[in-house]
Amino acid sequence: MFKPFVAGILFTLVAGLVGAFLFVEMGMMPANADGRPPALERWAAHTSLRATLRRDSPKGPNPAALNDENMKAGIKLYAMDCAVCHGAADGKPSDIAMGLYQHAPQLARDGVEDDPAGVTYWKIKHGIRLTGMPSFTKAMTDQQIWQVVLFLQNMDKLDPAMEKAWKAVPSHGGKEELGAWRKGHDGDHDHDGRMPAKS
Ligand code: HEC
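Residues numbered from 1 in each chain as written. Predicted model: local features only at pLDDT ≥ 70, side-chain atom pairs only at ≥ 80, totals over all residues. Heavy atoms only, no water.

Novice: What am I meant to see in the side chain of Q106 here?
Specialist: Structurally, the position occupied by Q106 is in the loop between α5 (95–99) and α6 (117–126). Looking at Q106, the relative accessible area reads 5%, which means it is buried. A polar contact of 2.8 Å, which involves the side chain of Q106, links it to the backbone oxygen of C85. (Helix = DSSP H or I, 4+ residues; strand = E, 2+ residues; numbered from the N terminus. Buried < 20%, exposed > 50% of the residue type's maximum accessible area, 1.4 Å probe, protein only. Polar contact = N/O pair within 3.5 Å; in protein donor to acceptor, adjacent residues only side chain to side chain.)

Novice: Is there a simple way to explain the coordination of the iron atom of the ligand in this structure?
Specialist: The iron atom of the ligand binds to the protein through H86 (NE2) and M133 (SD), with metal-donor distances spanning 2.0 to 2.1 Å. What the 6 donor atoms of the iron atom of the ligand show is an angle range of 88 to 178° at the metal, which sorts the shape as octahedral. One end of the pair, H86, is in helix α4 (residues 83–86); the other, M133, is in the loop between α6 and α7 (142–154), with 47 residues separating them in the sequence. Like H86, the residue M133 is buried in the burial classification. (Donors = N, O, S within 2.8 Å, 3.2 Å for Na, K, Ca; no water. Tetrahedral: all angles 85-135°; square planar, octahedral: opposite > 155°, others 65-115°.)

Novice: What is the right way to look at the packing of helix α3 (residues 68–81) against helix α8 (residues 160–167) in this model?
Specialist: To characterise two packed helices, one gives the angle between the axes of the helices and the distance between these axes. One can describe the packing of α3 onto α8 by two numbers: an axis separation of 10 Å at closest approach and a directional angle of 10°. Taken as axis vectors, α3 and α8 run roughly parallel relative to one another. Of the residues in α8, those touching α3 at D68, M71, K72, I75 and Y78 are M162, A165 and W166. Tallied by class, the residues present in the contact of α3 with α8 amount to 6 nonpolar, no polar and 2 charged. (Axes fitted to C-alpha atoms, helices over the stretch in contact; angles between N-to-C directions. Parallel < 35°, antiparallel > 145°, perpendicular 65-115°, else oblique. Contact = heavy atoms within 4.5 Å. Nonpolar A, V, L, I, M, F, W, Y, C, P; charged D, E, K, R; others polar.)

Novice: Looking at this model, I keep getting lost on α6. Mind explaining?
Specialist: Buried residues dominate α6, accounting for 8 of its 10 residues. Turning to α6, the residues buried within the fold contact α2 (39–56) and α7. Within two residues after α6, G127 carries a phi angle of roughly 75°, on the positive side.

Novice: Where do I start with the pattern of salt bridges in this structure?
Specialist: Pairing between side chains becomes possible if they bear opposite charge and their charged atoms approach one another. Using the criterion set out here, one finds 4 salt bridges in the structure. We note a salt bridge from R55 to D56, for which the minimum N-O separation is 3.2 Å. According to the relative accessible area criterion, R55 is exposed, its value standing at 62%. Overall, D56 belongs to the partly exposed group, its relative accessible area being 38%. Here D142 and K125 are joined by a salt bridge, their closest N and O atoms 3.1 Å apart. Within this pair, whereas D142 is found in helix α7, its partner K125 is found in helix α6, the two being separated by 17 residues in sequence. The class for D142 is partly exposed, based on a relative accessible area of 36%. Overall, the relative accessible area of 16% leaves K125 in the buried class. (Salt bridge = Lys/Arg side-chain N within 4 Å of Asp/Glu carboxyl O.)

Take a look at the structure:
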């Protein structure tokens, strides 16, 4: 009675593993980035992220004080490392942001002001697995990450001087701005946009 039961469980496990292996090996698990994620994938990704954040994100307020120095540093870091995917103040997605799987939210339109500071800190420090969201643990100090968090927490309520600094962050979205940039670099490129051969 007991033996066939165990054998049954083992058979099911092995069949499941072989099935999963064949599913992946035969290319039935999509590898493209230009589709909408299936429901099961969305559920697994969101649920594991939520559970990890509940367990691992630091609790409590942002240790970076709300002052111009920290805010300016946060805006500058954002311009260098984040705007290409998350957009500038105009909220226009770049070509890269639109093509990512998952799409990168344009934070000027769809911000994270209401998220706890520690949650945003965790996402920037560790990144989000199986999405384009990189981990910045090697690129930034903890203090720098908290400065970016400070900016993201206050993006919708900046004082006029900081609002000006935010508006000055160059947009990567929209071809007109890139066109204008290109004109300024005419001498550097031939007509195909390639660098001329060194003479
Ligand atoms: C290469 C593109 C890329 C770069 C660069 C990038 N991100 Fe992301 N980020 C993403 C993507 C894609 C997601 C969406 C992940 C998802 O759907 O779970 C994301 C998600 C986030 C989220 C969560 C948004 C939400 O609504 O919950 C925050 C916050 C964030 N990024 C902040 C940053 C910051 C700050 C930087 C710069 C230090 C940065 N990201 C750089 C691609 C990027």
